[in-house]
Amino acid sequence: MRDRKRGNHRRVSTSPWKYVVATWLAGVLAAVGLGAVSPAGSALRSSLGLSAGALAWATSSITAVSAVLGIPAGWWILRFGAHRALPWGLFVMAVATAISATAGSWGLLLGSRVVEGVGYLLVFVAGPVVITRMTQGGIRSAALALWGTCVPMGLAVAAALGGVLASRWTWNRWLALTALGPLIMAWVLTVVLPRLPRTPVQYSHRAVGAWNGALRLGAAYGSLSLVGVAVVMVLPLFLTQYREVTPTVAGAVVALVCLGSAIGGLAASWLLRRGLALSSFVPLGVLMPVACLPAFSAEFPLAVSGGAATLVLFVDGLLISAVFAAVPAAVSRAEDVDVANGILNQLGSVGMLMGPPVFGLAIAVAGWGAVAAATFVFGGLGTVLLLMGARTSATGTADAVSRSLDAPDGVDMGERSEPSRKAPDVSKPNRNII
């Protein structure tokens, strides 16, 4: 900060982790909104007279928006600014959720959920961009891996908290409560986040090469998301119909499984922070189809099956976090990061939408053993694409894009920073990304 009276400079502490944690909390709260309808599903169907299909549309409409508009959102955020799009996305979610809490018909519920999906998309495209611009080197990889835990963490919170409150409250009060978090966090981010440097929009033939790595990583995210969501969605049916457990027990097992995905993402963040290469995660992908065998077999004790399903989601969450960590180095220019995250969200949302029907069809044709086979196909595809995308990161122009993103502290803080003096690097660049 410049002291205008004395004409000297005072160094300001700008640790990136406070911005990373605030952005991560925004993602978690947005993901709570994604899973908010499911705990109140029975009450919603009874109150509004909905069929199971109508409720499913209301539940999945948020990801449907991302599946259609992910890439355009990336272009728009590039021009609007990620530091502004993030709190605005939360605000849109809060308003739309408040409207859905007053819905008296399926049409109003569906419409408000679609609008909420627009806010959700802004959060999940802008969030990784904010983290990328705020961090450097090894901290950046760890922070982006942490971002990969937002969805499973938010879904676990929605399942656990919603399971308790939705049975005691009306569905209106439960949905209204989920609107408060994004609203408060939107105000916090508006106050806390500094103004990020604007990246000029440029077009050249070099941009074509950038999409190779981004598309591979997006396809990897889509394949891994397909597996994770599908396993979580078909597991309750297996537990209640074939293991003959109560819905309460099935819900507890599913919440634990979702938490396993979040723990996998946290493990990826911890390992990347300590310099482990992304390629070291790839061999773990073989554990997913193997663990599906006891997870979806009635011959094993319930504790073993639940633990195996948790292992599937643990590895899935770890690999998804690795995908996010690989994005900045997979593009050749700083301005491509925004659109690359749009690609990830669009293809990831396609995977989330396709997962349950694809696995459901496989189970209908070949029985529960098909879960392992489908996990082998899509999980294997995701790990291979992750490895290819990470190699693109390492052999491309990672150093160039890193330098273009690494402004002093990764931010432009105006009079609160020292524009003429480069702040010390808070981490050593992780050049051994694979």
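About the cut-offs
Each chain has its residues counted from 1, running along the sequence as written. Reporting in this predicted model follows two pLDDT cut-offs: at least 70 for local features of residues, and 80 or more for side-chain atom pairs to be given and counted; totals over whole chains, interfaces and linings ignore these cut-offs and use all residues. Remark: hydrogens and water are excluded; side-chain values derive from all non-hydrogen atoms of the structure. What we call a nonpolar core is a set of buried Ala, Val, Leu, Ile, Met, Phe, Trp, Tyr and Cys residues that are connected through their side-chain atoms within 4.5 Å. A simple rule labels every residue: compare its accessible area, found with a 1.4 Å probe on the protein chains alone, to the largest value its type can have, and call it buried under 20%, exposed over 50%, or partly exposed in between. For the purposes of this entry, the term helix denotes a DSSP run of H or I that reaches at least four residues, the term strand denotes a run of E that reaches at least two, and both are numbered from the N terminus. Only heavy atoms enter the contact rule, under which two residues are in contact if any of them lie within 4.5 Å. Only residues whose relative accessible area exceeds 30% and that take part in no salt bridge are eligible for patches, with like-charged residues grouped when within 9 Å of each other and nonpolar side chains (Val, Leu, Ile, Met, Phe, Trp, Tyr) grouped when within 5 Å. Residue-level accessible areas treat just the shown protein chains as cover; the underlying method is Shrake-Rupley with a 1.4 Å probe. Whenever a carboxyl oxygen of Asp or Glu lies within 4 Å of a side-chain nitrogen of Lys or Arg, that contact is scored as a salt bridge. Two aromatic rings from Phe, Tyr or Trp, using only the six-membered ring of Trp, form a pair when their centres are within 6.5 Å; if the ring planes differ by under 30 degrees the pair is stacked, by over 60 it is edge-to-face, and anything between is tilted. Charges are assigned to positions over rings by a cutoff of 6 Å between ring centre and Lys NZ or Arg CZ, combined with an angular limit of 35 degrees from the ring normal.

It is worth spelling out the nonpolar core at this point. By size, the foremost hydrophobic cluster in this structure holds 102 residues, and its most contacted members are F124, L235 and F296. If one sorts the elements of this core by residue count, helix α12 (residues 302-330) sits on top with 15 residues. Sequence-distant contacts of L235, defined by excluding residues within four places in its chain, comprise V253, V254, V257, F296 and A309. By size, the runner-up hydrophobic cluster in this structure holds 17 residues, among which are A40, L44, L55 and A166.

The next subject is a nonpolar patch on the surface. The grouping of W88, F91, V95, I99, L108 and L183 at the surface amounts to a nonpolar patch, some 520 Å² of accessible area in total. The dominant element in the nonpolar patch, judged by the number of residues it contributes, is helix α4 (residues 82-100), at four residues. Along the polypeptide, I99 turns up in helix α4.

So, about the environment of L108. Tracing the backbone through its elements, the reader meets L108 in helix α5 (residues 106-134). With a relative accessible area of 38%, L108 lands in the partly exposed category. Excluding anything up to four places from it in sequence, L108 contacts I99, T102 and A103.

Here the focus is the packing of aromatic side chains. This structure, assessed with the given rule, holds 10 aromatic pairs. Each residue in the set F238, Y242, F296 and W368 is aromatic and connected to the rest through ring pairs, giving one cluster. Of note, R84 hangs over the ring of F80, and the distance from its end group to the ring centre comes to 4.5 Å. One residue, R173, lies across the ring of W169, its end atom 4.5 Å from the ring centre.

Right, let's get into the pattern of salt bridges. For the structure on display, the rule yields one salt bridge. For E116, the salt bridge goes to R113, with nearest N and O atoms at 3.4 Å. Remark: R113 and E116 occur in helix α5; sequence separation between them is three residues, near one turn of the helix. Here E116 matches R113 in class, with each residue buried.

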